[in-house]
Amino acid sequence: MTTAPEATDYPVLWPVPTRWADNDHYGHVNNVAYYSFFDTAVNGWLMSATGTDIRELDAVGVVAETSCRFLAQLSFPDELRVGIAVEKLGTSSIVYSLAVFRVHQDQLVAAATGRFVHVYVDSATRRPVPIPPDIRAVVEPLTA
C-alpha cells in the first residue's frame, strides 16, 4: 500500500485507548504498543461479535505473524480506532488487514497499517485445527 488507508476501507473500527505507559522517552507511542493495539482490537472484537469468551473455545487463535508500517506519530492521550478487515480466510488461519487511526477533530487520520495472522490450534495439543464455526461466522463478512 503506497497511500494512507481510509477508515472506509475497514468494515470494523474498534476503539482502543492509548495509555500513559505507551509513550516512550521521545514523547510518542512506542512501536511495540501498536502490536498490542492490533491484538486488543482483534480479540476484543471477536469476543464482542461472537458473544463468546474466545479463551474458552476448544481451538484458540495464536499469532503466527505480525507486521506494522508506521505512517504518523501517536501520543497519549490520543483516541484511536483500529480498522479490521480480512485479507484471507483459510481453513485454519485468518490473515487480518489492520490500520490504526487517530481521532482528530471528528476525522480518522491513519497512523499505521498492519498485518496479523491467527492460526487456530487445538487448546490442548497446539496442533492446527479448523477455525471454530462461531469465529468463521463473524469473520467471513469481513473478507475483502
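Refer to the structure above for everything that follows.
Each chain carries its own residue numbering, running from 1 in the written order of its sequence. In keeping with the model being predicted, local features are shown solely for residues with a pLDDT of at least 70 and side-chain atom pairs are shown and tallied solely at 80 or more, while totals for entire chains, interfaces and linings include all residues. Each side-chain value is derived from all of the structure's non-hydrogen atoms; neither hydrogens nor water enter the calculation.

(A) Summary view of the overall build of the protein chain. The helix and strand labels rest on DSSP assignments: H or I over at least four residues marks a helix, E over at least two residues marks a strand, and numbering proceeds from the N terminus. Counting its secondary structure elements, the protein chain contains two helices and five strands. Each helix and strand of the protein chain, placed in order from N terminus to C terminus, yields the pattern β-α-β-β-β-β-α. We take the radius of gyration over the C-alpha atoms and set the globule estimate at 2.2 Å times the residue count to the 0.38 power. In terms of C-alpha radius of gyration, the protein chain reaches 15 Å, essentially the compact-globule figure of 15 Å for 144 residues. For the protein chain, the spread of C-alpha atoms along the three principal axes comes to 45 × 30 × 25 Å.

(B) Main features of the nonpolar core. Formed by 33 residues in total, the largest nonpolar core has its most connected members in Phe37, Leu46, Tyr96, Val100, Ile135 and Val139. Sorting the residues of this core by element identifies strand S1 (12-17), helix H1 (31-50), strand S2 (59-70), strand S3 (79-89), strand S4 (93-104), strand S5 (107-122) and helix H2 (133-139) as the ones contributing at least two each. Broken down by element, the residue count for this core peaks at eight residues, all from H1. In this description, a nonpolar core means a group of buried Ala, Val, Leu, Ile, Met, Phe, Trp, Tyr and Cys residues linked to one another through side-chain atoms lying within 4.5 Å. Note on classification: 1.4 Å probe, protein chains only; a residue is buried when its accessible area is under 20% of the maximum for its type, exposed when over 50%, partly exposed between these limits. In this structure, Ala7, Tyr10, Ala99 and Phe101 belong to the second largest nonpolar core, which totals six residues.

(C) Local environment of H1. Any helix carries an expected span of 1.5 Å times its number of residues minus one. Here H1 spans 30 Å end to end across 20 residues, near enough to the 28 Å set by a 1.5 Å rise per residue. Those residues of H1 that sit buried are Ala33, Tyr34, Phe37, Phe38, Ala41, Val42, Asn43, Trp45, Leu46 and Thr50. For H1, the elements touching its buried residues are S1, S2, S3, S4, S5 and H2. Where H1 ends, the next residue or the one after it, glycine 51, has phi of about 70 degrees, a positive value. By definition in these notes, contact holds between two residues if any of their heavy atoms fall within 4.5 Å.

(D) Local environment of the packing of aromatic side chains. Under the pairing criterion, centres of Phe, Tyr and Trp rings, with the six-membered ring standing for Trp, must be within 6.5 Å; the plane angle then separates stacked pairs below 30 degrees from edge-to-face pairs above 60, leaving the rest tilted. Enumeration over the complete set of coordinates arrives at six aromatic pairs. On the numbers, 5.7 Å between centres and 85 degrees between planes, the contact of tryptophan 20 with phenylalanine 76 is edge-to-face. With tryptophan 20 in the loop between S1 and H1 and phenylalanine 76 in the loop between S2 and S3, this pair connects stretches of sequence that are 56 residues apart. Judged by its relative accessible area of 31%, phenylalanine 76 falls in the partly exposed class. An aromatic cluster is defined as three or more aromatic residues linked by ring pairs; in this entry it consists of Tyr34, Phe37 and Phe70.

(E) Spatial organisation of the pairing of S4. Both S3 and S4 contribute to a ladder of nine bridges, which runs antiparallel. What sits directly across from arginine 81, in S4, is phenylalanine 101. Remark: three residues form the turn of the hairpin made by S3 and S4, two consecutive strands paired antiparallel. Bridging between S4 and S5 involves twelve bridges; their strand directions are antiparallel. Each bridged residue has a counterpart across the sheet, and for alanine 99 the counterpart in S5 is threonine 113. Strands qualify as paired when DSSP identifies two bridges or more between them. Linking two consecutive strands that pair antiparallel, namely S4 and S5, is a turn of two residues; a positive phi of about 50 degrees is found at glutamine 105 within it.

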